[in-house]
Amino acid sequence: MPAPTSHFSLRSFGARFLCLMGMLLSCGLASAATVRAYIQPERAQVGQVVSYVITVQNGTVQSLPQLRLPAQVGMNTGVSTSQNIEIRGNQRVFATQLAWGVAGTEPGEFVIPPQEVLVNGEVLKTNEVRLVVSEAAPAPDAGTGAPAAADDAKTPLLQIEVGKTEFYQGEVVPITASLYVPRSVMLRRVGLIEVNKTDFAIARFPQQADQGETVINGIGYTIITYRSMLSALHPGDLKVGPASSELLFDVMEEDPRQMRRALPFGMMMGSSETRKLVVKSLDVKVKVLPLPTEGKPANFSGAVGDFSLSATASPHDLAVGDPLAVDITVDGSGNFEGLQPPSLTPPDGWKPYPPRRYNVDGPVDPNLTPTAQRRVGYSMVFVPEKIHTELPPFELSYFSPTQKKYVTASTAPIPLRIKPGVAVAGTTDVAGAAGSETPRAPEVQQPKPNISDILANVPAKANWLGTTITANIPLTNSTRFWVIQSIPAILVLLALLFAWFRNMQREAASGLRGELRKLWQGLEQRDLDDREFLQRAAHFIHRSQPGEVRDEELRQILQRYETLSFTAAHAPSPELGSGERGRILNKLAPLMRNATVWVAMLALGLASGTTTAHAADDSPDEVYRQAREALDKGKFTQAQYLGESLTKRTPPALSAEVFALIGNARYRQEDLGRAALWYQRAELLDPTNAEVRQNLRHLDEKLRFFRIGGHTPLTEWSLLLRKNTWIMTASAGVWLMLLVVVWRVLAGRRASAGVMAALIGLGFLIFVPSAAFAALRPEPEARVKDVMVVTTPDVSAYTAATVTSGSVIDLPPGSQVRLLEKRGAWSYVEIPSTGDPVRGWVEGSTYTPLWTWEAGLVP
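Residues numbered from 1 in each chain as written. Predicted model: local features only at pLDDT ≥ 70, side-chain atom pairs only at ≥ 80, totals over all residues. Heavy atoms only, no water.

For the chain, the count of helices and strands is 17 helices and 41 strands. Counting only residues that meet the buried cut, the chain has 36% of its 859 residues in that class. In the chain, the proportion of contacts linking residues at least 24 apart, taken out of those at least 6 apart, comes to 70%. Of the accessible surface of the chain, which amounts to about 50200 Å², a share of 56% is contributed by carbon and sulfur atoms. (Helix = DSSP H or I, 4+ residues; strand = E, 2+ residues; numbered from the N terminus. Buried < 20%, exposed > 50% of the residue type's maximum accessible area, 1.4 Å probe, protein only. Contact = heavy atoms within 4.5 Å. Areas by Shrake-Rupley, 256 points an atom, 1.4 Å probe, with all protein chains shown as cover.)

On to the environment of Y561, then. Locating Y561 in the fold gives a position in helix α7 (residues 552–565). Separated by 23 residues in sequence, Y561 and A538 have C-alpha atoms that sit 7.0 Å apart. With residues up to four places along the chain from it excluded, the contact list for Y561 reads L534, Q535 and A538.

The interhelical angle for the contact between helix α11 (residues 656–668) and helix α12 (residues 672–685), taken along N-to-C directions, is 165°, at an axis separation of 8 Å. Taken together, the axis directions place α11 and α12 in an arrangement best described as roughly antiparallel. Here the hand of the crossing between α11 and α12 comes out left-handed. Only L672, R674, A675, W678, Y679, R681, A682 and L685 of α12 make contact with α11, whose side of the interface consists of A656, F659, A660, I662, G663, N664, R666 and Y667. (Axes fitted to C-alpha atoms, helices over the stretch in contact; angles between N-to-C directions. Parallel < 35°, antiparallel > 145°, perpendicular 65-115°, else oblique. Left-handed = near helix turned anticlockwise from the far one by under 90°.)

In this model, the chain carries a mean pLDDT of 75, and residues with pLDDT of at least 70 account for 73%. Across the chain, strand β35 (residues 787–790) holds the top mean pLDDT of 93, while helix α2 (residues 430–435) sits lowest at 38. With pLDDT under 50 throughout, residues 1–30 is counted as low confidence; its partners more than four residues away or in other chains account for 1 contact. (pLDDT = per-residue confidence, 0-100.)

In space, the 3 strands of this open sheet follow the order β4-β8-β9, with antiparallel pairing throughout. Both edges of this open sheet fall to β4 (61–63) and β9 (122–125), since each of them pairs with a single strand only. Strand after strand, the sheet turns through a mean of 50° between neighbouring axes, direction not considered. As defined by bridge partners, strand β8 (residues 116–119) adjoins β9 across 4 bridges and the pair is classed as antiparallel. Residue pairing across strands places L118 opposite V123, the latter belonging to β9. (Pairing = 2+ DSSP bridges.)

Working note: α-helix, 3.6 residues per turn, so residues spaced by three or four point in the same direction. With 14 residues, α12 ought to run about 20 Å at 1.5 Å a step, and its terminal C-alpha atoms sit 20 Å apart, in line with that. A large share of α12 lies buried, amounting to 13 of its 14 residues. (Expected span 1.5 Å × (residues − 1).)

Before going further, it helps to spend a moment on the sheet that holds strand β22 (residues 284–289). The 3 strands are arranged β12-β22-β19 in an open sheet whose pairing can be described as mixed. What marks the edges here is a single partner per strand, and that holds for β12 (166–168) and β19 (236–240). Each strand axis lies, on average, 40° off the axis of its neighbour in the sheet, ignoring direction. Across 5 bridges, β19 lies against β22 in antiparallel orientation. Residue pairing across strands places L238 opposite V286, the latter belonging to β22.

Of all hydrophobic cores here, the largest spans 44 residues; its most connected members are F659, Y679, L699 and W851. Mapped by element, the contributors of at least two residues to this core are α9 (620–632), α10 (636–647), α11, α12, α13 (690–703) and β35. For this core, the element with the highest residue contribution is α12, accounting for 9 residues. If we ignore the near neighbours within four places in the chain, the residues touching F659 are T647, L654, W678, R681, A682, L685, W851 and W853. Of all hydrophobic cores here, the second largest spans 29 residues; its members include I160, F167, I175 and L238. (Core = buried A, V, L, I, M, F, W, Y, C linked by side-chain atoms within 4.5 Å.)

This paragraph deals with the packing of α12 against α13. Remark: α12 packs on α13, axes separated minimally by 10 Å, with the N-to-C direction vectors making an angle of 145°. For α12 against α13, the interelement crossing comes out left-handed. When α12 is examined against α13, the residues L672, A675, A676, Y679, Q680, A682 and E683 are found in contact with a partner set consisting of V692, R693, N695, L696, L699, K702 and L703. Classifying every residue of the contact of α12 with α13 gives 9 nonpolar, 2 polar and 3 charged. (Nonpolar A, V, L, I, M, F, W, Y, C, P; charged D, E, K, R; others polar.)

A separate point is the side chain of T126. Here T126 shows up in the loop between β9 and β10 (129–134). Among the polar contacts made by the side chain of T126, one reaches the main-chain amide nitrogen of Q115 at a distance of 2.9 Å. If near-sequence neighbours (up to four positions away) are discounted, T126 is found in contact with V35, A37, Y52, I54, P114, Q115 and V117. (Polar contact = N/O pair within 3.5 Å; in protein donor to acceptor, adjacent residues only side chain to side chain.)

On to the pairing of strand β39 (residues 826–831). Here strand β38 (residues 816–823) pairs with β39 via 5 bridges, running antiparallel. Across the sheet, residue K822 finds its bridge partner in β39, namely S827. Counted along the chain from β38 to the antiparallel partner β39, the turn is 2 residues long, and its residue G824 has a positive phi close to 65°. Two elements, β39 and strand β40 (residues 838–843), share 6 bridges in a ladder whose sense is antiparallel. Within β40, the position partnered with Y828 by the bridge is W841. What sits between the antiparallel neighbours β39 and β40 is a turn of 6 residues, in which G835 has the positive phi angle 85°.

Take the packing of aromatic side chains next. All chains considered together, the criterion is met by 15 aromatic pairs. Judged by centre distance (5.2 Å) and plane angle (85°), the rings of F307 and Y398 are edge-to-face. On the criterion of sequence distance, the pair formed by F307 in strand β23 (residues 305–314) and Y398 in strand β31 (residues 394–400) is long-range, its members being 91 residues apart. Of the two residues, F307 and Y398, neither departs from the other in class, the shared state being buried. (Phe/Tyr/Trp six-rings, centres within 6.5 Å; stacked < 30°, edge-to-face > 60°.)

What follows concerns the pattern of salt bridges. On inspection of all chains with the given rule, the structure shows 18 salt bridges. Across the pair E843 and R204 runs a salt bridge whose closest N-O atoms are separated by 3.1 Å. Separated by 639 residues along the polypeptide, E843 in strand β40 and R204 in the loop between β16 (200–202) and β17 (210–216) bring together distant segments of the chain. By relative accessible area, E843 is classed as partly exposed at 25%. (Salt bridge = Lys/Arg side-chain N within 4 Å of Asp/Glu carboxyl O.)

Turning to the side chain of T225, a few remarks are in order. As for its position among the elements, T225 is in strand β18 (residues 219–232). You can call T225 buried: its relative accessible area is 6%. Once you skip the residues sitting within four places of it in the chain, T225 turns out to touch T176, A177, S178, A209 and D210.

Structurally, the position occupied by T60 is in the loop between β3 (49–57) and β4. Its relative accessible area of 52% is what places T60 among the exposed residues. What T60 contacts, discounting residues up to four positions off in sequence, is L118, V119 and N120.

Put into structure tokens, the structure is as follows:
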């Protein structure tokens with residue numbers, strides 16, 4: 001038996017040896033050793049210590065290189081080594097970093113030549129790097145930019161630098177924030193570095209930082225450098241910054257009577273003072289160039305950088321109508337946020353489905369320094385509608401800042417073998433043909449919707465939501481509802497009041513007031529002679545002043561009339577001039593005032609009502625019209641501003657049409673998260689709006705956001721009408737049944753039993769579903785309470801209130817979450833998902849409440 005055992009061991013050893021050699025060979029082919037050198041930062045002042053770093057990947061450094069530096073660059077610190085492991089896809093990349101502290105001794109631009117490093121028994125050369133050294137300036141004060149005084153030697157300073165001072169719109173440029181900490185200061189906490197983002201999109205500065213040392217004006221500083229990326233939103237002469245950060249630090253007191261000595265971990269023995277300070281940097285002037293219009297491709301979507309494309313497809317053997325899975329990888333450096341999925345060229349004969357975007361190297365760690373170099377993948381599905389021999393190329397157009405022109409990258413065609421989708425029956429022999437049936441042609445499938453854009457059919461008028469909460473109180477909780485049920489009696493009462501008012505008007509017109517009005521109209525006629533005018537004036541005085549006339553001026557008018565009336569016709573009498581007639585009318589006017597006061601009050605009421613109605617016509621409807629016109633003209637920012645200004649009024653002017661208009665404007669500005677927010681608000685007010693529902697469906701296909709559900713079909717149907725509408729419908733069914741009973745009581749046997757039964761059945765069918773829907777309809781507060789909508793991209797939920805904790809789930813823009821708890825800048829939320837909901841922590845700045853107004857306003 002020994003012989004077989006030895007034979008088995010030899011075979012096993014050979015198999016293992018071959019497997020090990022294959023693994024080593026595959027690893028060597030998959031990832032050869034590489035070296036790269038860089039300077040952090042690339043720009044410094046005279047005497048400022050910067051880091052010269054050599055990174056070795058997938059190799060072992062066997063001997064440290066002897067640095068070759070220009071005469072104007074000196075080495076200040078010895079080499080320090082560090083190692084890390086990075087996972088890229090399914091591969092682990094080992095990296096070793098060698099870092100030296102170097103500093104320029106005079107201003108200028110210096111080239112550090114390639115260095116030779118012995119890696120895995122092979123000498124590899126690094127790339128050359130450039131260091132730009134400028135004149136040493138006085139260290140900026142922590143907020144004023146003035147030279148540091150002797151008393152400020154214990155104050156940390158903040159400075160920002162931009163990798164390029166002239167670059168293109170949308171180009172990704174590195175930005176560094178350097179915190180200068182005096183050696184007598186011990187930092188306890190560094191807050192987030194905030195930079196003014198009015199003109200730039202700036203990635204958040206991570207917690208990871210590089211450290212170095214320098215001496216400025218005789219003061220030793222520790223430099224903590226944070227790195228991020230920025231891109232300009234528009235061209236022009238702009239300013240980056242200022243940047244600010246809140247610091248908590250301890251300042252060591254310099255007391256010669258106390259002995260201080262160094263302790264481990266950078267602590268110092270001696271008395272200290274704790275301070276809290278917001279440090280602020282100066283701004284940096286940059287020039288942002290516009291993208292050229294010459295040579296701009298038609299499918300250019302705003303991507304700026306340098307990219308390459310690759311594509312794979314599976315399976316290669318398929319039939320017409322079968323899905324084809326395609327994975328496209330975009331590799332390079334640039335503004336990946338402006339990327340759109342590459343387009344199939346030409347797309348004829350292929351039916352595409354919405355793509356899914358992902359990071360090829362896994363989720364982006366917010367704790368690591370962001371870089372312009374990335375790999376983004378698009379997972380797509382295409383269905384061939386006819387026979388093809390290959391999958392056409394995919395194309396991506398972008399602007400290359402290095403080449404200063406537009407470039408179109410494309411993939412190679414992928415060969416395919418596509419068969420007909422429906423097998424055709426073979427021919428049969430003559431004997432069998434007689435008894436066989438003719439094969440049926442395949443059914444033509446109805447085309448499915450392929451929504452590629454939103455609907456922007458904005459109504460000409462908006463149906464404004466009532467701004468009082470009492471308008472949405474259920475009718476059954478109000479005594480007015482039960483009063484309305486006595487409508488016939490109220491109508492009779494109103495008819496009686498109307499008849500009484502009409503009789504009062506008739507009496508007023510036929511009584512003394514009507515007579516005085518007619519007499520006054522007669523006095524105002526212009527063709528009267530003096531005798532007729534004085535006669536009517538005297539008659540007016542006697543009718544308005546029953547009894548003895550005591551007013552002296554009125555008695556003079558009467559005496560003038562008597563003198564003129566009882567004087568012989570041939571006797572001369574003074575004529576009445578126009579001025580005297582006017583004085584008589586002015587004297588009689590107060591007598592008429594009491595009879596016409598109510599007319600003036602009525603006219604004043606009508607005028608004020610007209611003015612109010614005109615003012616109302618000029619407010620929300622006019623602004624809505626202007627916003628609608630701005631949207632039609634492509635002025636999306638103006639349309640958004642006008643629409644949102646209506647919602648911020650007191651009281652707010654709210655309507656589903658305004659919400660949908662704002663959503664359209666947000667979508668056109670590529671703010672998909674807030675577009676979904678406003679569409680969801682519009683759906684709250686008008687769940688039957690077809691345009692809003694279709695736009696939400698389109699956004700869901702693009703973003704795949706989460707929505708809080710849990711409603712049964714009956715609950716969904718109850719939302720089609722307002723609760724009060726269901727109550728009124730149910731009461732109408734009850735009225736119909738009661739009126740049939742009254743008819744039966746009054747008509748007796750003459751009433752038709754069949755007609756009564758049909759009417760009672762109809763009333764019952766109206767009452768039961770309406771009452772059920774009114775009871776099932778959710779209360780307004782329950783529909784929006786603590787519901788938040790994620791509005792920013794790249795949001796994740798974490799297991800704790802910090803980005804360094806474990807992740808729970810990614811939240812696409814437009815996702816709804818329910819707020820459970822708030823803790824500072826973080827919120828504990830419940831997230832709807834397939835199966836049971838999950839919970840996690842999200843940053844409070846990433847979401848917006850679904851409803852920011854009074855909850856009682858929700859229909």
